[in-house]
Amino acid sequence: MSMLFECGKKNYKVDYHGQMNRFDGAKENYVEGTEVEISYSLIATDTDYTFYVDGKKVSVEWNNKKGYIIRFTMPAHDIEVYCNEKNSMEK
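What counts and how
- Residues numbered from 1 in each chain as written.
- Predicted model: local features only at pLDDT ≥ 70, side-chain atom pairs only at ≥ 80, totals over all residues.
- Heavy atoms only, no water.
- Core = buried A, V, L, I, M, F, W, Y, C linked by side-chain atoms within 4.5 Å.
- Buried < 20%, exposed > 50% of the residue type's maximum accessible area, 1.4 Å probe, protein only.
- Helix = DSSP H or I, 4+ residues; strand = E, 2+ residues; numbered from the N terminus.
- Contact = heavy atoms within 4.5 Å.
- Phe/Tyr/Trp six-rings, centres within 6.5 Å; stacked < 30°, edge-to-face > 60°.

S.K.: How should I be thinking about the nonpolar core in this particular structure?
M.R.: One broad trend across soluble globular proteins is that nonpolar side chains are buried collectively. Tyr16, Phe23, Ile38, Ile70, Phe72, Met74 and Val81 are the most contacted members of the largest nonpolar core, which totals 18 residues. When residues of this core are traced back to their parent elements, those giving at least two are strand 2 (10–15), strand 5 (35–40), strand 6 (47–53), strand 9 (67–73) and strand 10 (79–87). Residues within four places of phenylalanine 72 in sequence aside, it is in contact with Thr34, Glu35, Val36, Ile38, Val53, Ile79 and Val81.

Laid out in structure tokens, this is it:
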């Protein structure tokens, strides 16, 4: 359920598909319009990672200390954020 927040803006939920603990800095909800930055540091050398925010594949940045950096502006509705991992050694 969304909650009212200051200045008339609402808080909306993020569904991480059970992966919330894999995203550093992740919160369960954000106020609409918030500039969100989370990172993903559980990296395996033989794995390809694809990140999704609100149902769309997103471009990410690499940081040697934090891993993959995911940035987005929180929309005025509940969203999903998750990572799809694929072993790059498989055919």
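S.K.: Even after reading the chapter, I still don't get the packing of aromatic side chains, so can you show me in this structure?
M.R.: Aromatic ring pairs are defined here through the distance separating the ring centres and the angle between the ring planes. In total, this model carries 10 aromatic pairs according to the counting rule given. When the ring of phenylalanine 23 is compared with that of phenylalanine 51, the centres are 6.4 Å apart and the planes differ by 70°; the resulting orientation is edge-to-face. Taken together, the residues phenylalanine 23 in strand 3 (residues 23–24) and phenylalanine 51 in strand 6 connect sequence positions 28 residues apart. Centroid distance tyrosine 30 to phenylalanine 72: 6.4 Å. Interplanar angle 85°. Geometry classified as edge-to-face. Of this pair, tyrosine 30 sits in strand 4 (residues 29–31) while phenylalanine 72 sits in strand 9, and the two are 42 residues apart along the sequence. Look at phenylalanine 72 and you get buried, because its relative accessible area is 9%. Members of the aromatic cluster, joined through ring pairs, are Tyr16, Phe23, Tyr40, Tyr49, Phe51, Trp62 and Tyr68.

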